[in-house]
Structure formats: C-alpha cells, structure tokens
Amino acid sequence: MFVRPAFLLAIAVAAPAQSGNGAVDRILKQLAGVRQFRQVAVAPDAGRLAWVEETRGDSNVAAGNGAIYMLDLKSGDAAPRRVTAGLGDAACAEHSVAWSPASNAVAFVSNCADKTQPQIYLARDGGGPARRLTSVRGTLANPRWSPDGRQLAVLSIAAREPRPNARPGVVVRGEIDHQRLCTVDPASGRLRQVSPPDLFVHEYDWSPDGRQFVFTAAPGPGSD
C-alpha cells in the first residue's frame with residue numbers, strides 16, 4: 001500500500017520534464033512490457049524449469065490468462081518453449097504446473113478447450129500435444145503427483161450446474177459447495193473423491209510413502 005503512491009508520484013514528477021505526454025506514454029509502454037511471473041517449478045532432477053507468466057495485452061491480463069513455458073537447463077538451449085493445451089499463441093488460462101517425480105512430464109490446469117470449464121492436462125518433456133486427463137464439471141486446483149508418480153491429487157468443487165465463475169464456498173439454493181480432495185488416474189483420467197463430503201479442504205500434501213494425505217479443512221463455507 002506504500003509502493004503505489006510513490007509510483008504515481010514518480011510519473012507526475014517525470015512528466016513535466018518532457019514536452020507533451022511523451023514521457024508518460026513511454027512509462028506506460030514500459031509498464032505494459034513488464035513480464036509478471038505467477039509460478040516457477042523446478043523439475044525434481046533439476047534438469048528442467050517450468051514457469052507460468054501472464055500473457056501480454058491488457059485484455060488478456062484482465063481475463064486472468066496465463067501461459068506455461070519450459071526450459072531445458074541441461075542442454076544449454078536458452079530458448080524456452082510453450083507448453084499448452086491450445087494451439088500456437090492461443091489466449092487462455094493455464095497454470096498450476098506440477099512436475100512428475102521422474103521429471104519427464106508436467107500436469108497443469110487449462111481452459112483452452114472450454115473457457116468456462118478448466119481441465120487437467122499432461123505434457124511430456126519431449127514435446128507434442130498435451131493430453132487431457134480429466135472430464136469433470138466444476139473447479140480444479142493445486143494438482144500434485146504421488147511420490148511414485150502413479151496418481152495425481154487435486155482439489156475440486158463439483159458443480160451442480162454449469163457455472164463459469166464458480167467460487168469456493170458458494171451457497172447455491174441453501175447447499176454448500178465443498179472443495180474435496182480427489183485423486184486422478186493419469187492413465188484413465190478417472191477422478192475419485194477421497195476427503196469427507198462435509199469438509200471444505202484448503203491445503204493438502206501426500207505422505208512420503210504415498211499412502212496417506214495430510215490436509216487442512218473445515219465444515220461450512222470455504223471462508224469459514
């Protein structure tokens with residue numbers, strides 16, 4: 001809250017030093033070119049790096065769109081490649097990168113195929129199109145691989161009806177949408193709810209042997 005006034009003051013001071021609005025235009029152009037990173041994920045073998053950054057353009061940023069990139073640290077190739085469930089430079093929301101324990105694949109959430117319904121996708125480090133894992137209706141968040149790489153876990157709120165902007169803890173017709181802890185089979189895409197139906201799960205993690213979970217949860221709306 002203290003940075004914003006100082007930043008606005010810097011623009012106000014810089015503008016009179018130049019003729020017209022040229023200085024302000026240049027400052028705004030520089031700000032528009034700033035790359036904002038939402039997540040950075042290093043592969044378990046430290047050989048690859050993946051990250052999520054906001055896609056450029058005011059309309060894309062306003063819509064919460066993000067792009068995933070991958071860089072091979074071992075080859076010395078400085079050119080990252082985009083990992084996406086869409087085509088080319090399609091504008092969509094892709095995020096929540098999760099490396100497999102073997103460091104040969106990443107799972108991520110994408111709404112490229114349907115802007116109102118995100119799904120989990122799997123992309124191999126060798127390239128090629130990403131494969132859709134889930135076919136659910138509702139929200140998906142925070143995918144994590146089991147230690148043996150045989151399962152994915154994810155937080156999900158099952159939608160009772162198509163709602164493009166479903167939010168955690170929303171009460172619909174007197175009923176609470178609970179965020180459940182679920183597992184996903186990477187081979188079949190089958191999603192199974194594993195946490196109690198009357199609890200809203202906020203955070204979770206796998207046990208080191210992959211046989212149990214630890215999570216924080218509470219009854220009632222997600223904001224409780």
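Residues numbered from 1 in each chain as written. Predicted model: local features only at pLDDT ≥ 70, side-chain atom pairs only at ≥ 80, totals over all residues. Heavy atoms only, no water.

## Description of the packing of aromatic side chains
Which entries qualify depends on this criterion: For this analysis, a ring pair means two rings from Phe, Tyr or Trp (six-membered ring only for Trp) whose centres lie within 6.5 Å, classed as stacked if their planes differ by under 30 degrees, edge-to-face if by over 60, and tilted for the remaining angles. For the purposes of this entry, the term helix denotes a DSSP run of H or I that reaches at least four residues, the term strand denotes a run of E that reaches at least two, and both are numbered from the N terminus. Each residue is assigned to one of three classes by its accessible area relative to the maximum for its type, calculated with a 1.4 Å probe on protein chains only: buried under 20%, partly exposed between the two thresholds, exposed over 50%. Counting as a charge over the ring demands two things of the Lys NZ or Arg CZ atom: a distance within 6 Å of the ring centre and an angle within 35 degrees of the ring normal.
Considering all chains together, one arrives at four aromatic pairs under this definition. With a centroid separation of 6.0 Å and 20° between ring planes, the pair formed by phenylalanine 108 and tyrosine 121 is classed as stacked. Remark: tyrosine 121 occurs in strand E7 (residues 119–124) and phenylalanine 108 occurs in strand E6 (residues 105–110); sequence separation between them is 13 residues. Classification of tyrosine 121 as buried rests on a relative accessible area of 5%. Between tyrosine 204 and phenylalanine 213, the ring centres sit 6.1 Å apart and the planes meet at 70°, which makes this aromatic pair edge-to-face. Ring pairs connect the aromatic residues Tyr204, Trp206 and Phe213, which therefore count as one cluster. The residue whose ring lies beneath arginine 144 is tyrosine 204, and the NZ or CZ to ring-centre distance is 5.3 Å.

## Looking at a nonpolar patch on the surface
Heads up, the rule is: Exposure above 30% relative accessible area and the absence of a salt bridge qualify a residue for a patch, where like charges join within 9 Å and nonpolar side chains (Val, Leu, Ile, Met, Phe, Trp, Tyr) within 5 Å. Surface exposure here means Shrake-Rupley accessible area, sampled with a 1.4 Å probe, where a residue is shielded only by the protein chains that are shown. Throughout this description, the term salt bridge denotes a Lys or Arg side-chain nitrogen within 4 Å of a carboxyl oxygen of Asp or Glu.
Taken together, the side chains of Leu28, Leu31 and Val34 define a hydrophobic patch exposed on the protein surface, amounting to about 250 Å² of accessible area. If you trace the backbone, leucine 28 turns up in helix H2 (residues 22–32). With relative accessibility at 47%, the residue leucine 28 sits in the partly exposed group.

## Here we look at unusual backbone geometry
Of note, serine 96 is a non-glycine position whose phi angle comes to about 60°, a positive value. Among the secondary structure elements, serine 96 is positioned in strand E5 (residues 94–99). The class for serine 96 is buried, based on a relative accessible area of 18%. We note that asparagine 142 has phi near 55°; this positive angle belongs to a residue other than glycine. Mapped onto the fold, asparagine 142 is located in strand E9 (residues 138–145).

## Quick notes on the sheet that holds E6
Quick note on the threshold: Strand pairing requires that DSSP identify at least two bridges connecting the strands.
Strands sit in the order E5-E6-E7-E8 across an open sheet of four strands; the sheet is antiparallel. The outermost strands of the open sheet, each flanked by one partner alone, are E5 and strand E8 (131–132). By the bridge criterion, six bridges tie E6 to E7 in an arrangement that is antiparallel. In the strand pairing of E7, valine 106 is matched with alanine 123.

## Points about the state of the cysteines
Under the convention used in this document: The disulfide criterion is simple: two cysteine sulfur atoms within 2.5 Å.
Tallied over the entire structure, the rule returns one disulfide. The disulfide that involves cysteine 92 links it to cysteine 112, with 1.9 Å between the sulfurs. Here cysteine 92 is found in the loop between strand E4 (81–83) and E5, whereas its partner cysteine 112 is found in the loop between E6 and E7, with 20 residues between them in sequence. On the basis of relative accessible area, cysteine 112 is assigned to the buried category, the value being 16%.

## A few points about the side chain of serine 110
Counted only if it meets this: We define a polar contact as two N or O atoms separated by no more than 3.5 Å, with the added condition that, inside protein, one atom must be a possible hydrogen donor and the other a possible acceptor, whereas residues neighbouring each other in sequence contribute only through side-chain atom pairs. Whether two residues touch is decided by their heavy atoms; if any such pair falls within 4.5 Å, the residues are in contact.
In this fold, serine 110 is placed in strand E6. Look at serine 110 and you get buried, because its relative accessible area is 1%. Here the side chain of serine 110 touches cysteine 112 through a polar contact of 3.1 Å, landing on its backbone nitrogen. Discounting chain neighbours no more than four positions away, the residues touching serine 110 are Ala85, Ala93, Glu94, Gln117, Pro118, Gln119 and Tyr121.

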